[in-house]
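Single-letter residue listing:
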Amino acid sequence: MGKKKKSGTKKAPESTTPFSDALRADPGTELAGIAPRSTPAFGGDKSDGREALDDLVAAVSDLQERLFAESVAGGTRSILLVVQGMDTSGKGGIMRHVVGAVDPQGVDITSFKAPTAEEQKHPFLWRIRKALPTAGQIGVFDRSHYEDVLVVRVHDLVPRAQWARRYGQINTFEESVADQDTTIIKVLLHISKEEQEERLAERLERPEKHWKFTPGDIDEREYWDDYAQAYQAVIDKTSTDVAPWYVVPADRKWYARLAVMTLLKEHLEALDPQWPEASFDVEQQQERLKDS
Ligand code: AMP
Ligand code: MG
C-alpha cells in the first residue's frame with residue numbers, strides 16, 4: 001500500500017500536504033481497496049465541503065497570479081493537472097468548479113477526444129506535447145495520454161505490444177516535462193459502477209443533460225472490469241516520484257472538487273511563487289507620476 005493513508009489518520013502537526021499525503025497512490029496501491037464514497041483527509045459533510053471549497057478560491061487565485069507574475073519576470077515554472085476518470089466521473093465539474101475558479105489568463109484547458117485523422121498520423125504523445133503549459137500557466141488535461149493505455153488497451157485499438165511499450169514512454173516523457181520545471185499532478189476520479197448508473201440515469205431523465213449522453217456510454221459499462229484493470233496498471237506502472245498519481249474518491253462530487261482544489265493549492269504552496277521585484281525605482285516613479 002506504500003504511502004496510502006486512510007481518512008482520519010493522525011498526521012504530523014507540521015504537515016502542510018494532508019490531501020497529497022492521503023490521496024497519493026504509489027505503485028501497488030489497490031484501487032479496489034479505495035471506497036469511492038470515502039472522504040480522505042476531510043471530516044466534514046457536504047455543506048462543510050462546499051464552504052471549504054469557497055474558502056480555497058482566494059488562496060489558489062493568489063498563488064496562481066504569483067506563478068504567472070513570476071513567469072513575466074523570466075520564471076520558467078508551470079503546473080500540469082491531468083484529470084482522468086470513467087464517463088460521468090465528474091471531469092466536467094472539475095473544469096467548471098475548480099479550474100473555472102481561477103483567472104482564465106493563467107489557465108489552459110485541453111480536452112482530448114478520440115484522435116483526429118491528423119493526430120493519428122503522429123506518435124500518441126504528439127498532440128500531448130503541443131498542449132503542455134507554457135511558463136507561468138496551469139495546464140489542465142481533461143483526459144490525456146493515458147487514454148492511449150486505457151480505452152486503447154481495453155478495446156485493442158492498437159496491438160498489445162504497442163500499448164505495452166507506452167507505459168515506459170509515458171514515464172520518460174513525464175520525466176522530461178518535470179525537468180522543464182513543470183509540476184505534474186495526476187488525478188484519477190474514482191467512481192463506483194452504481195454511481196455511474198445513477199448519473200447516466202439522470203442524464204437520460206433530464207432533457208438539458210441529453211447532450212452529455214452517448215448510447216455508447218452504456219456499452220462501455222460492459223467493460224467496467226477491464227477498465228478497472230487498465231487503471232490499476234496505470235497506477236502500478238506510471239506512478240513515479242516526479243509524477244505520482246492521486247486517487248480521488250469521486251462518488252461525492254463535492255468531495256472530489258474540494259480534493260482537486262486542495263491538491264492544486266498544496267502543490268502551488270510547495271512552489272511558493274514570489275512576486276517579482278520591481279525592475280524600476282518605485283519612489284522615482286511615484287515622483288514622476290505626481291509631476292505628470
Ligand atoms: P468525452 O470525454 O465524454 O467527451 O469523450 C471523449 C472520448 O474520446 C472518450 O470516449 C475517450 O475514450 C475518447 N478518447 C480520448 N482519447 C482517446 C484516444 N487516444 N484513443 C481513443 N479514444 C480516445
Ligand atoms: Mg462522454
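Predicted model only: the values in this text are computed from it and were never measured. (Residues numbered from 1 in each chain as written. Chains lettered and ligands numbered in written order. Predicted model: local features only at pLDDT ≥ 70, side-chain atom pairs only at ≥ 80, totals over all residues. Heavy atoms only, no water.)

## Notes on the overall build of the protein chain
Okay, so step 1: For the protein chain, the helix and strand inventory stands at twelve helices and six strands.
Okay, so step 2: Relative to the globule expectation of 19 Å for 292 residues, the C-alpha radius of gyration of the protein chain, 21 Å, shows essentially globular dimensions.
Okay, so step 3: Here the C-alpha coordinates of the protein chain stretch approximately 75 × 50 × 45 Å along the principal axes.
Okay, so step 4: Burial status across the protein chain gives 48% buried among its 292 residues. (Helix = DSSP H or I, 4+ residues; strand = E, 2+ residues; numbered from the N terminus. Rg over C-alpha atoms; globule rule 2.2 N^0.38 Å. Buried < 20%, exposed > 50% of the residue type's maximum accessible area, 1.4 Å probe, protein only.)

## Considerations on the sheet that holds strand β2 (residues 78-85)
Sheet strands pair by backbone hydrogen bonding; their relative direction is either parallel or antiparallel.
Okay, so step 1: Strand order in the open sheet formed by six strands is β1-β6-β5-β2-β4-β3, with mixed pairing between adjacent strands. In this open sheet, the two edge strands, each paired with only one partner strand, are β1 (24-25) and β3 (107-111).
Okay, so step 2: Bridging between β2 and strand β5 (residues 182-190) involves eight bridges; their strand directions are parallel. Pairing of S78 across the sheet is with T182, part of β5.
Okay, so step 3: The sheet contacts of helix α10 (residues 224-238) involve β1, β2, β5 and β6 (245-249), and relative to β6 the element is tilted by about 145°. (Pairing = 2+ DSSP bridges. Contact = heavy atoms within 4.5 Å. Axes fitted to C-alpha atoms, helices over the stretch in contact; angles between N-to-C directions.)

## Comments concerning the pattern of salt bridges
Side chains that carry opposite charge are capable of pairing whenever their charged atoms lie near each other.
Okay, so step 1: Inspection of every chain in the model, using the stated rule, returns 17 salt bridges.
Okay, so step 2: We note a salt bridge from R66 to D62, for which the minimum N-O separation is 3.0 Å. Residue R66 and its partner D62 are located together in helix α2 (residues 46-72), separated by four residues, close to a single helical turn.
Okay, so step 3: Residue D62 is classed as partly exposed on the basis of its relative accessible area of 32%.
Okay, so step 4: Here E208 and R206 are joined by a salt bridge, their closest N and O atoms 2.9 Å apart.
Okay, so step 5: Accessibility expressed as a relative area gives 47% for E208, which makes it partly exposed.
Okay, so step 6: Put simply, E202, R206, E208 and K209 are held in one network by salt bridges that share partners. (Salt bridge = Lys/Arg side-chain N within 4 Å of Asp/Glu carboxyl O.)

## Observations regarding the pairing of β5
Okay, so step 1: Of all the nine residues making up β5, nine are buried; the element is thus mostly covered by neighbouring parts of the structure.
Okay, so step 2: Taking every second residue as pointing to the same face, both faces of β5 are buried, with T182, I184, K186, L188 and H190 on one and T183, I185, V187 and L189 on the other.
Okay, so step 3: Sheet analysis places β5 next to β6, joined by five bridges and oriented parallel. The partner of L189 across the bridge, within β6, is V248.

## Describing the site of ligand 1
Okay, so step 1: Near ligand 1, the surroundings consist of D87, F112, K113, A114, P115, R127, R143, E147, D148, V151, V152 and L157.
Okay, so step 2: At 2.6 Å from an oxygen atom of ligand 1 is found a side-chain nitrogen or oxygen belonging to R143.
Okay, so step 3: Considered class by class, the residues forming the shell around ligand 1 number six nonpolar, no polar and six charged. (Near = heavy atom within 4 Å. Polar contact = N/O pair within 3.5 Å; in protein donor to acceptor, adjacent residues only side chain to side chain. Nonpolar A, V, L, I, M, F, W, Y, C, P; charged D, E, K, R; others polar.)

## A word on the packing of aromatic side chains
Okay, so step 1: One pass over the structure, following the stated rule, counts five aromatic pairs.
Okay, so step 2: Ring geometry for Y146 versus W245: centroids 4.8 Å apart, planes at 75°, classification edge-to-face. On the criterion of sequence distance, the pair formed by Y146 in the loop between β4 (138-142) and α6 (151-154) and W245 in strand β6 is long-range, its members being 99 residues apart. Exposure class is identical for Y146 and W245. Each is buried.
Okay, so step 3: Seen in terms of ring centroids, W254 and Y255 are 6.1 Å apart; in terms of plane orientation they differ by 90°. Their pairing is edge-to-face. The same class applies to W254 and to Y255, which are both buried.
Okay, so step 4: An aromatic cluster of three or more residues is present, and its members are F19, F42, W254 and Y255. (Phe/Tyr/Trp six-rings, centres within 6.5 Å; stacked < 30°, edge-to-face > 60°.)

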